[in-house]
Every structure is written in C-alpha cells, then in structure tokens.
Amino acid sequence: MNNILEDEENAITMIDAHAINLGPNGMLIVNVALLSMIGWALLKTEKSITTQSDVIILSLIAIFAISGRILLDPIPNIQPVTVIVLLVGIHFGATRSIIFATSIALVSNLFIGHGLWTVYQATGWSMIGILGAIISSKIYVNSKLSINPLMYIAALCGFVFDWIVSLSALHVINPDLFLLYILSGIPFDVLHAAGNMFFVAWLAVPLSEIMTRHISIEQPSVVENFAKTRL
Amino acid sequence: MFLIASAFNSMNPMIPYASTFGIISILIYASVNKQSIAKVMATFTLVFVLITFSSASTEWNQYTNGLVDDVDDPHYGLPDSWDDKQAVCFHFPEGYTPSNLDDGRHHFDSNGTDFKIDKNWNSTGGCVGGFEGYDYGLNLFNAAVEATNSTFSYNYTQFYFGLQIDSIAGISPCAAYTCATDSSSGAYWEMLHNGAYSLVGISDLILDSNSVITWQITSY
C-alpha cells in the first residue's frame, strides 16, 4: 500500500514542466518566444516613460541585448548585441556606447562564460560603438536611418568584432598561425554578419525610434552656443 | 598559377553554395517590392547560412586543415600497425601522470588492450589507436576514452564557442602549473592535430583517415 502511495507521489511530482525534455530546437523556440516577450514589454514600457533620461532607456535596451545574447546562445554567433551597440554609437555617441558595450559583455558573460575573452569582446563592441559614433552623421540623416548602408556596415562589423576577439588566441598560439586561425573561423564570421543584417533589417528602425525619443545629450549647436555665451 | 589552380580546386565544394545563394537572391530581387527587399533578403540570407552552416563549415574546415603543415610524421613513435589509422595520445606533465601510466608511454589498441610501453618516450601517458572511419574529432576522442574503460575520462565546460577540456584522467592544468586568478597566466589542455596546433577545438575538428590527436598541458 505504501509503495502505491509513493508511486502516486512520484507520478504527481513528475507532472510538471521539469519533466519535459524539449530538446535543443524546442528550447530555441522557447528562447525566441521569451525574447519576443521581452522585446514587446520593452516597446510598451518605453512608451510610458516620459523622462528624457537616456540612462533609463539605455538600461532597458541593455536588458534586451543581454537577454538576446543569452537566449540566442544555442545558435552560434547570432545575437543582437553588435547591431544594438552600433545603434547606440550612432544615437548616443562613443562614450555611452563604450559603457553600454562593456556592461553587456560583462553581464552576459556572467551567464554564458566569463574569462579573458570578456576583455576582447568588450573592446570589440566598444570599437563598433565608436564606429557608429563616427558614421552617425552619414547614416542618420534628417531623422532617418539609411538601412541599406547600415546593413553592409553591420555585416562588416561582424567580421571586425570576431577578428578583434580572435586576438585573444595570440595568448596561446604562435603568431605565425594567426592568419590561418582567422581563416578557419570565417564560417562563424559569416554567421555573425548574416545575423547582423537580419537584426538591422527588422530591429534598426524601431530601436532607432526608441533611442531618438529619449536622447538627452546636448547637441553640438547647443554646446557651441553655450560656449559662445560663456566667452 | 599552380597555387591559384590548386586553391580553386580546394575551394570547389563552396561553389555550389555560392551559386545557389546567387540564383535565389536574383529571384528574390526580381519578385519582391523595393520596400520590403531588405527584410526579405536579410531573412533569406540568415536562413540560408543557418541551413548550410554545418556542411559548409565542414568543407571549409577540411580546406583550412590542409593549409596547416603537419609536423614531421605524426605517426612517429607509434606502433607500425597504426599506420594509416587514427590515434589519440595523452601526454601528462612530469609528476602529474596517473600512477598506472607514469613508467613511460603506454599504447592501447582500439579494444583497450595495453600492449606496449615505450619507456624512452620523452613524456609519460598513453596513446589509444588503431581506429578507422572517424570523421569528427570528438567522436574519435570519446571512442579512445571508452576503449580504455575511462582511463582517460575527461571533464569539460561547454562554452558558446565549443568545449573546453578542464581535466583528463583527473589532471587539471592548474594543478600542474600556477594559474593567476586574473587569467594573465595559466595553463590549459592543448590539442595538436597531426603534430600541429589545431586551429579549431575538438568539437569542430574534421579528421583525416590517419589523424593523430595529441593532448598535452601547455602553460602561457
């Protein structure tokens, strides 16, 4: 009798989500669904924010970027961080993009693996942010983002980021082998580039709109006027 | 000219992928309106790359593996019966070799029989060989571990870039060498393929019919 009760208890314990083995594809679908929910919540939350503080909106976008990197981890080298950092560089400038990039590299790596490579990833994404700040005036013209050039730049950024991170291999391999090392990683670079193009095509416009609604950085003309009045 | 011709021949397997991508891209350009072309093309590109990644990556690995010069004869010192067959060697640092393997380099056949000890080899440990038909490094590695009843069982960490081998036969690199907490110096299980440093990890390694994988601890 006791055995039957124990069996029933075990049966009840087994009827919960922990007993379901979804497999890698099932988990990927769950992760994409979770990321979509976070993205939807981000859009809704952003509309209710009335403050012009860019810190709040950057924090919300960082949550989306970190979640995207962690949840899309099963697909090698496909994640939205590179494109988001590029957009942050375009809209918020180099300094903020460096803080943003470094924080995302550190926090996401606490979940998927932190080590020496975090420094290289933070450096790589910071360089992407700086690039975004440099090309900002050419990509974002008359309050409109030029999507096609941005797609090509984002694809290029996939390669550049991967090559910067690959520099970490010089800690362990002979420099003579470095070019071959880069060459062997090209399929993964292509994945990163294709993912970046996809994220630019689908996310760049909505994310750009969200970012521009909350920019509190003083425009250069304002700074110039301020400087003149000071003088 | 010969180099260009040989490079073209080596890259031939990639041409079907590029051709298929080109043809479908042209069809998309011709049939989709300009407003949604970026989204359609970007989605198609990503799906195409994801679908073809496994096979294209395998072809590319074989191509890049061919560019690495093998160091002398990777089968040097291994039993003649293993010529043209695959093998996995485990070399341990002095003082950190499992006690049953510290008298030289042991040689196990693919059934796990320890049939030869090379006491003059310059490192201690063991080689498991005589395997045939393995295409992937991880499969050969696991076959070698299983053949020896887990004498060379390993622990690993799955990172997004692949597997990192943490210990083999219970020996972790930082037990044999000093590892700084900030990772500025340390040690790791290094993998050689046919005597040369492997450009890809064990989970991405494509094998030759006579590949020799060597594991050894290296400090940096």
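Structure's up top.
Q: What am I meant to see in the packing of helix H3 (residues 54-71) of chain A against helix H5 (residues 94-112) of chain A here?
A: If you want to describe how two helices pack, look at the angle between their axes and the distance between the axes. Residues and elements named next belong to chain A. Across the interface, H3 lies against H5 with an axial gap of 10 Å and an inter-helix angle of 35°. The way H3 lies across H5 gives a crossing that is right-handed. Residues Asp54, Leu58, Ile61, Ala62, Ala65, Ile66, Arg69 and Ile70 of H3 touch H5, and the partners they reach there are Arg96, Phe100, Ile104, Ala105, Val107, Ser108, Asn109, Phe111 and Ile112. Of the residues that constitute the contact of H3 with H5, the class distribution is twelve nonpolar, two polar and three charged.

Q: Help me out: how do you make sense of the pairing of strand S4 (residues 124-131) of chain B in this one?
A: Walk down a regular strand and you will see the side chains alternate between the two sheet faces. Residues and elements named next belong to chain B. Of all the eight residues making up S4, eight are buried; the element is thus mostly covered by neighbouring parts of the structure. Relative to S4, strand S1 (residues 86-92) is paired through seven bridges, and the arrangement is antiparallel. Within S4, the position partnered with Ala87 by the bridge is Gly129. Where strand S2 (residues 105-109) meets S4, five bridges bridge the pair, whose relative direction is parallel. Looking at S4, one finds that Arg105 is bridged to Gly125.

Q: Before we go on, may I ask you to explain the sheet that holds strand S3 (residues 114-118) of chain B in this structure?
A: Adjacent strands of a sheet form backbone hydrogen bonds with each other and so pair up, either parallel or antiparallel. Residues and elements named next belong to chain B. Strand order in the open sheet formed by seven strands is S3-S2-S4-S1-S9-S7-S8, and the pairing between neighbours is mixed. The open sheet terminates on both sides in strands that have one partner only, identified here as S3 and strand S8 (196-197). Where S2 lies against S3, four bridges are found, and the strand directions are antiparallel. Among the inter-strand pairings, Phe108 is bridged to a residue of S3, identified as Asp114.

Q: Is there a simple way to explain unusual backbone geometry in this structure?
A: Residues apart from glycine generally show negative phi values, whereas peptide bonds are mostly found in trans. Residue and element names in this part refer to chain B. Of note in the backbone geometry, Asn149 takes a positive phi value of approximately 50° without being a glycine. Within the secondary structure, Asn149 is located in the loop between helix H4 (137-147) and strand S5 (154-159). Phi at Asn194 is positive, roughly 55°, even though this residue is not glycine. As for its position among the elements, Asn194 is in the loop between strand S7 (187-193) and S8. Classification of Asn194 as buried rests on a relative accessible area of 3%.

Q: Whenever I open this one, helix H4 (residues 81-92) of chain A confuses me. Can you help?
A: In an α-helix, one full turn covers 3.6 residues, which means residues spaced three or four apart are oriented alike. All names here are of chain A. Spanning twelve residues, H4 covers 15 Å between terminal C-alpha atoms, matching the ideal 16 Å at 1.5 Å per step. Among the twelve residues in H4, twelve count as buried, and that is most of the element. Those residues of H4 lying buried are Val81, Thr82, Val83, Ile84, Val85, Leu86, Leu87, Val88, Gly89, Ile90, His91 and Phe92. With its phi angle positive at about 95°, Gly93 sits one or two positions after the end of H4.

Q: For this particular structure, what's the right way to read the environment of B:Asn122?
A: All names here are of chain B. In this fold, Asn122 is placed in the loop between S3 and S4. Given the relative accessible area of 71%, Asn122 is considered exposed. Polar side-chain contacts of Asn122 include one of 3.4 Å to the side chain of Trp121.

Rules and cut-offs
Residues numbered from 1 in each chain as written. Chains lettered and ligands numbered in written order. Predicted model: local features only at pLDDT ≥ 70, side-chain atom pairs only at ≥ 80, totals over all residues. Heavy atoms only, no water. Axes fitted to C-alpha atoms, helices over the stretch in contact; angles between N-to-C directions. Helix = DSSP H or I, 4+ residues; strand = E, 2+ residues; numbered from the N terminus. Left-handed = near helix turned anticlockwise from the far one by under 90°. Contact = heavy atoms within 4.5 Å. Nonpolar A, V, L, I, M, F, W, Y, C, P; charged D, E, K, R; others polar. Buried < 20%, exposed > 50% of the residue type's maximum accessible area, 1.4 Å probe, protein only. Pairing = 2+ DSSP bridges. Expected span 1.5 Å × (residues − 1). Polar contact = N/O pair within 3.5 Å; in protein donor to acceptor, adjacent residues only side chain to side chain.

Keep in mind these numbers describe shape, not what the thing actually does.
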